[in-house]
Each structure stands twice: as structure tokens, then as C-alpha cells.
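# Structural overview
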Amino acid sequence: MCRSLSKYALFFLLLALSGLIFLLRNIHSLESLNCSTVSALYQLQSRIQSAFTQGEPPPFYHNHTFCGQFGQIASPEDELEERYLLDSVAWPEPLPRSTPPLLRQTSDPVHSLFAILPTKEGREWHVGDQLEALVQMHDFQGRPKRYGGDFLLARLHSPELGAGVAGEVQDHRNGFYSALFPLLWVGSAQIEITLVHSSEAVAVLRWLREERPDRVFFKSLFRSGFLSETTLCNMCLPPDDQPLCNYTDLQTGEPWYCYKPKMLSCDTRINHAKGGYQKHLITNNDALLFQSGVNIKVPIHASGPDKINILPPKTDKLEVERSSTKPEPIKLTPSGYYYGGSWRPLGGVMMRQFNDSSAITQCLRGKVINMYGDSTVRQWFEYLSAFVPELKEFNLHSPKNVGPFMAVDSTHNILLRYRCHGPPIRFSTVTASELRYISNELDGLSGGPDTVVVLSIWAHFSTFPLEVYIRRLRHIRRALVRLLDRAPGTLVVIRSANLQALDQEVSLYNSDWFSLQLNSVLRAMFKGLDVLLVDAWQMTLAHHLPHALHPPPVIVKNMIDMLLSYVCPKKKKHQQK
């Protein structure tokens with residue numbers, strides 16, 4: 001036995017000596033291998049570290065025609081509609097110049113003025129009449145302007161009566177504008193006309209919309225195990241050598257792309273988020289066109305009185321005939337007006353006041369309310385869930401201000417839901433699995449008389465060419481047609497765009513001029529469809545409170561009352577009293 005063990009010991013000794021000799025002869029190779037391994041690991045760590053740091057977006061490829069390859073090919077009918085819509089919102093351009101205009105040559109609200117035009121009977125106005133004010137624009141040198149294109153807002157209001165109505169501005173394209181107002185109440189009324197942007201500033205905004213849709217950029221996080229990378233994303237990305245991840249929606253063909261991570265696959269995307277805002281978009285000379293208190297939302301003063309007194313409607317037949325001997329301009333048809341601080345719609349629906357939560361509960365009993373869109377309709381969800389104590393918000397562990405959100409009143413069988421629309425959306429962080437397109441969500445609804453659908457989609461499309469917005473609304477419209485076809489009793493309410501506070505930075509990304517154009521397209525595309533409109537544009541313009549992207553509670557309350565008046569209209573016997 002001992003002899004056998006000694007043989008094994010000799011064998012292991014020889015094996016150990018052989019290993020030592022091999023190690024000594026290859027020590028330099030092992031050192032080289034170790035250095036290479038460390039170097040590779042260091043490079044891997046550096047690449048991982050760089051993935052967590054969001055770099056500056058690459059220079060934008062200014063010829064954006066490459067975006068045309070993205071999305072589904074439009075039919076001849078769609079192309080015809082698109083051309084009609086673009087023509088309908090075409091904006092007058094300033095006179096061509098060999099050099100960019102200087103500030104002193106542009107519209108100055110301080111030097112500009114307006115005057116109230118008399119009626120055929122002199123300076124006497126009655127309810128039912130139309131008031132006209134003539135605006136003449138001047139530049140900073142006090143010289144009259146000879147061309148149009150300025151963006152003006154007009155409002156007729158009475159602080160004493162809590163009354164207000166939006167006016168309509170007509171551009172005569174020669175430096176003169178007409179502001180027209182329907183006279184809807186008895187008593188005092190004051191005209192307010194505001195220069196939002198000069199025609200020269202609008203030209204800059206138009207250029208930004210068409211040539212710099214990248215001025216808001218997006219990003220996505222990709223992760224697998226301990227590796228993670230962040231890359232840039234957008235609807236259109238510059239055509240370079242970087243490979244792309246294609247997230248185009250299979251149902252709608254809505255395009256969305258991210259740069260492919262260097263070390264991860266495209267199916268490891270975790271989330272979507274706003275990356276930031278591009279800076280230094282315009283020249284110093286153009287920046288002078290966007291100055292708060294100088295040429296952004298500055299009032300234009302009257303050359304004479306800016307107030308009138310409105311008398312009761314004309315009752316004498318001879319008086320009415322005398323006043324109508326000459327044809328008048330087409331009467332304005334606003335969607336409504338404020339009186340006593342409450343919105344009064346003019347579209348046929350009788351406005352109800354839902355001043356206590358029990359009235360809202362009774363109205364929504366047995367209803368499922370689905371809200372889709374941006375944060376302006378999320379504001380409605382928040383209002384209802386906060387105002388109605390029976391609506392208990394169900395914790396879906398969703399990110400704050402992002403969603404999806406859900407509130408339930410099990411006693412009265414009420415379900416309230418909110419979900420944001422698909423990209424582009426500038427929310428902080430949205431989980432990739434929660435990125436849903438409205439049209440696909442609508443296709444998943446059963447619908448019916450107990451279903452209410454509320455849509456608001458506009459604020460996140462201001463940086464893109466109008467063709468992008470038209471395409472998105474076309475998909476939503478088709479889905480609504482399918483929904484109303486299979487479930488005719490479904491109630492669909494669309495919230496329009498609204499005015500907001502502007503400074504130089506906000507103007508370049510979210511100007512009211514962008515919103516005005518989107519709003520006009522929205523109204524045109526859903527006209528004739530069995531949907532109802534809450535006119536947030538006129539409801540914010542007609543109100544005396546400052547404009548805000550998310551309107552103050554008093555305006556939101558009027559919007560909710562409008563929505564609920566659609567859901568629970570007054571019965572005819574009440575209207576006859």
C-alpha cells in the first residue's frame with residue numbers, strides 16, 4: 001500500500017513541476033492576456049457609462065424630404081384632402097426682401113391702433129348686431145405697414161357682467177385688419193385686440209415648423225441585464241450610417257425610429273422620454289422678433305373709445321327694416337360666450353351647471369368614460385377625480401403626470417380612464433409597453449350608449465409639419481367611424497386646442513400660431529362626423545384670465561360642464577320652461 005502511494009506522489013510531483021515550467025515559459029503571454037482582458041473590460045465599462053450620459057443630438061439634416069419615405073403611402077383622396085386642408089390654413093407672407101427685415105421695419109403694437117366703426121344708424125348698437133373695429137398696423141418707426149400676415153387676437157368683454165366673446169380677425173393683406181364681434185348681451189362691452197406675433201415673426205415660425213421638426217428631440221432607454229444604453233429617437237432621423245430601430249406601428253403605419261444601441265438589440269427598449277429642446281435655432285436678428293412685452297402678446301390701443309353700450313334687441317318692425325336696407329357682412333357664429341362667468345354655448349345644446357359632486361355622479365351613473373390624449377385632457381381626469389369624492393383613483397403604479405390612470409365609483413358603476421397618446425409625446429418618461437396610438441385604442445372599444453370617448457391631441461404636434469398632424473387625425477377619424485358604425489350610441493367628444501402663455505422660448509416650440517393652425521385642421525377634419533366639440537380655443541380667448549397651457553380651474557369647470565351637458569342633456573320639458 002505504501003509503495004502504491006509513493007508511485008502516486010511521484011506522479012503528482014512530476015505534474016506540478018511540469019505546470020511550473022509551463023507557467024515560467026509563458027508568463028509574458030499571460031501578462032499580455034491579462035492586460036488585454038482588463039483593457040476590454042475597461043472599454044466595455046466606458047461604453048456602458050457613456051450610454052447613461054445623454055449627448056447632444058446630431059446636426060439636423062435640413063432637407064427634410066427624407067421624411068417622406070416614412071409612413072403609409074397616401075391615397076389620391078387623402079392627398080386631395082391634405083392639399084385642401086393646407087390651402088385652407090395658408091397664411092399671408094410678408095413682402096420678399098433681399099435682406100432680413102430689421103426690428104424697426106416690423107409690426108409694433110405700440111404704434112398700431114384700432115377704431116370702432118359706426119353702424120348705419122350712427123353709434124348705436126343692439127343685441128343681435130355685429131360690431132366692427134378696424135385695425136391699422138405700423139412699424140417701430142411709426143410708418144403704416146402695407147402688407148398683412150400679423151397674428152392678432154380679438155375679444156369683446158364686460159368685466160362688470162362677467163361676459164366675454166371671441167372676435168374674428170380678417171386680414172385685408174394691406175396692413176389693415178377687421179375685428180368682428182357678435183353682440184350677445186345688454187350693457188357695456190369693451191374691445192381688446194392683441195398682437196401675438198408680427199408677420200415677420202410668423203415667417204420665422206413657419207420656417208421652423210417645416211425645416212426644423214427636430215427642435216424637440218426624444219430618447220429611449222434600452223436595457224438587458226447589466227447593460228443599458230440611451231439613444232435618440234424621433235419621427236424622422238437624419239439619413240446617416242447609424243442603423244435604426246424601426247418602431248412603426250403595424251396597424252396605422254405611424255412612423256417612429258430610434259438609433260440602434262451599439263451593444264443591445266432593438267427589442268430591449270424600456271421607455272420613451274423627451275430628450276430636450278434644441279437651442280440656437282434662430283439668428284440674433286430673428287430673436288428680436290420674439291420679445292416679451294415688446295412684440296409677443298402685446299395689446300393694441302384704440303385711437304378713440306374702446307367701449308360701447310349695447311341696447312336690447314330691436315323690436316320696432318320699421319326700425320328693423322330700416323337697418324336691413326343694405327346687406328351686412330356674414331353674421332358671426334361663435335361656439336359660445338361667457339355671461340356671469342358661465343359659458344353659454346350657441347350650438348343648440350343647453351348648458352347645465354354641475355356645481356356639486358352628486359349631480360356629476362348622477363350624470364355619469366353606469367358610464368365608462370375613456371379619455372385619450374395629452375395633458376390638457378388629463379387635466380379633466382384630475383378635475384373629476386378630485387371633485388367627485390366617490391370616484392376613487394385606482395393605483396396602477398403609473399408615473400405621475402404620465403399615466404395610465406383609472407378612477408372607479410363601484411357604488412354608481414362609474415369607470416373613468418385616461419391614457420396618453422402615442423409618440424410624439426413630450427412627457428418625462430413613458431414605459432414602452434404603455435405607448436399606445438389612439439386609433440388602436442378606439443378599435444379595442446366595444447362602445448355603446450354607456451360609453452363616452454373624450455379626445456384631445458394637439459399640443460405635442462406643434463413642432464412638426466402639418467402633414468404629420470393630418471395623417472394622425474386621419475387614422476383617428478377612421479377608427480371613430482368604425483367605432484360609431486359598430487356602436488352608434490357611443491358619445492364622442494373632442495377637446496380643441498387652447499391659448500397659452502408665451503415668451504421667446506415657448507414661442508419657438510409651442511406658439512399659439514402653431515396651435516391655431518392645428519385647431520383649424522382639427523375642426524375641418526371632424527366636421528360632419530357624429531362627434532361633439534368642446535371649443536377650448538374660444539373658451540380661453542373669451543375669458544379674462546391669462547392664457548395658460550393648462551387653463552385655470554374656473555375655465556376647466558366650464559369645460560367639464562360642457563362635457564357633462566353633452567353626456568346628460570337637459571330634457572325638452574325643461575327647455576320649454
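This text gives an overview of the structure that appears in the document. All values reported here derive from a predicted model rather than from experimental measurement. (Residues numbered from 1 in each chain as written. Predicted model: local features only at pLDDT ≥ 70, side-chain atom pairs only at ≥ 80, totals over all residues. Heavy atoms only, no water.)

Another point: the nonpolar core. Core analysis: the largest hydrophobic core is formed by 69 residues, its most contacted members being Phe290, Leu442, Leu473, Ile476, Leu480 and Phe526. If sequence neighbours within four positions are ignored, phenylalanine 290 has contacts with His197, Ala201, Val204, Leu205, Ile282, Asn295, Ile296, Gln504, Ser507 and Leu508. Among the nonpolar cores identified, the runner-up in size contains 45 residues, and Tyr338, Leu416, Met562 and Leu563 belong to it. (Core = buried A, V, L, I, M, F, W, Y, C linked by side-chain atoms within 4.5 Å. Buried < 20%, exposed > 50% of the residue type's maximum accessible area, 1.4 Å probe, protein only. Contact = heavy atoms within 4.5 Å.)

Here the focus is the state of the cysteines. Enumeration over the complete set of coordinates arrives at three disulfides. Sulfur-sulfur distance for the disulfide between cysteine 233 and cysteine 258 comes to 2.0 Å. Taking the torsion about the S-S bond as the criterion, the cysteine 233 to cysteine 258 disulfide, at about 105 degrees, is right-handed. On the criterion of sequence distance, the pair formed by cysteine 233 in strand S10 (residues 227-234) and cysteine 258 in strand S12 (residues 257-259) is long-range, its members being 25 residues apart. Put simply, cysteine 363 and cysteine 568 are joined by a disulfide, and their sulfur atoms are 2.0 Å apart. (Disulfide = S-S within 2.5 Å. Helix = DSSP H or I, 4+ residues; strand = E, 2+ residues; numbered from the N terminus.)

Paired through their backbone hydrogen bonds, the strands of a sheet run either parallel or antiparallel. On the basis of which strands lie adjacent, the open sheet formed by six strands has the order S11-S12-S10-S9-S13-S22 and antiparallel pairing. Every other strand in the sheet has two partners, leaving strand S11 (244-246) and strand S22 (430-431) as the edge strands with one partner each. (Pairing = 2+ DSSP bridges.)

Below, the discussion takes up the side chain of arginine 155. By the secondary structure assignment, arginine 155 is in strand S4 (residues 151-158). A polar atom in the side chain of arginine 155 sits 3.4 Å from the backbone oxygen of alanine 542. For arginine 155, the contacting residues outside a window of four places in its chain are Val165, Gly167, Phe181, Gln190, Ile191, Glu192, Leu541, Ala542, His543 and His544. (Polar contact = N/O pair within 3.5 Å; in protein donor to acceptor, adjacent residues only side chain to side chain.)

So, about the sheet that holds strand S25 (residues 532-534). Read across the sheet, seven strands follow the order S19-S20-S21-S18-S23-S24-S25 without closing on themselves; strand pairing throughout is mixed. Looking at strand neighbours, the two that pair on one side only are strand S19 (392-394) and S25, the edges of this open sheet. Adjacent strand axes in the sheet meet at a mean angle of 20 degrees when their direction is disregarded. Sheet topology note: the strand S20 (residues 405-409)/strand S21 (residues 414-420) ladder contains five bridges and is antiparallel. (Axes fitted to C-alpha atoms, helices over the stretch in contact; angles between N-to-C directions.)

With that settled, the discussion passes to helix H3 (residues 76-88). Note on helix geometry: an α-helix contains 3.6 residues per turn, so any two residues three or four positions apart are oriented the same way. The first and last C-alpha atoms of H3 sit 18 Å apart over 13 residues, in line with the 18 Å expected at 1.5 Å per residue. Tucked inside the fold, the buried residues of H3 contact helix H10 (466-486) and helix H12 (512-525). (Expected span 1.5 Å × (residues − 1).)

What follows is about the environment of serine 178. Looking at the secondary structure, you find serine 178 in strand S7 (residues 176-182). When the C-alpha atoms of serine 178 and leucine 134 are compared, they prove to be 4.8 Å apart, with 44 residues separating the residues in sequence. Setting aside chain neighbours within four positions, we find serine 178 in contact with Glu132, Ala133, Leu134, Glu168, Val169, Gln170 and His172. Only 3.0 Å separates the side chain of serine 178 from the side chain of glutamate 132, close enough to count as a polar contact.

Another point: helix H4 (residues 199-211). Relative to the 18 Å expected for 13 residues at 1.5 Å per residue, H4 spans 18 Å between its end C-alpha atoms, a close match to the ideal helical length. Where H4 is concerned, the buried positions are Ser199, Glu200, Ala201, Val202, Val204, Leu205, Arg206, Leu208 and Arg209. Turning to H4, the residues buried within the fold contact S4, strand S8 (187-197), helix H5 (284-287), H10, helix H11 (504-510) and H12.

Taken as a whole and judged by the stated rule, the model has 11 aromatic pairs. Counting every residue linked through ring pairs, the aromatic cluster contains Trp91, Phe151, Trp513 and Phe514. Over the aromatic face of tyrosine 247 sits the side chain of arginine 269, whose NZ or CZ is 3.8 Å from the ring centroid. Of note, arginine 378 hangs over the ring of phenylalanine 427, and the distance from its end group to the ring centre comes to 5.6 Å. (Phe/Tyr/Trp six-rings, centres within 6.5 Å; stacked < 30°, edge-to-face > 60°. Lys NZ or Arg CZ within 6 Å of the ring centre and 35° of its normal.)

Here we come to the pattern of salt bridges. Inspection of the entire model under this criterion finds 24 salt bridges. Among the ionic pairs, aspartate 129 bridges to lysine 314, the shortest N-O distance being 3.7 Å. Of the two residues, aspartate 129 is situated in the loop between strand S2 (125-126) and strand S3 (130-136) and lysine 314 in the loop between strand S15 (307-311) and helix H6 (317-323); the sequence distance between them amounts to 185 residues. With its nearest N and O atoms 3.2 Å apart, the salt bridge here joins aspartate 139 to arginine 143. Overall, the relative accessible area of 5% leaves aspartate 139 in the buried class. Connected through salt bridges with shared partners, the residues Asp78, Glu81, Arg474, Arg477 and Arg478 form a single ionic network. (Salt bridge = Lys/Arg side-chain N within 4 Å of Asp/Glu carboxyl O.)

Another point: the packing of helix H8 (residues 375-387) against helix H14 (residues 553-567). Relative to each other, H8 and H14 sit at 85 degrees, their axes nearing to 11 Å. What the angle tells us is that H8 and H14 run roughly perpendicular. The residues of H14 that touch H8, namely those facing Gln379, Trp380, Tyr383 and Leu384, are Val556, Lys557, Met559, Ile560 and Leu563. The class makeup of the residues in the contact of H8 with H14 is seven nonpolar, one polar and one charged. (Parallel < 35°, antiparallel > 145°, perpendicular 65-115°, else oblique. Nonpolar A, V, L, I, M, F, W, Y, C, P; charged D, E, K, R; others polar.)

This next bit is on the pairing of strand S17 (residues 342-345). Only one face of S17 is covered, namely the one carrying Trp343 and Pro345; the face carrying Ser342 and Arg344 has none of its residues buried. Note that strand S16 (residues 336-339) and S17 share four bridges and pair antiparallel. In the sheet register, tyrosine 337 faces S17, and the bridge partner there is arginine 344.

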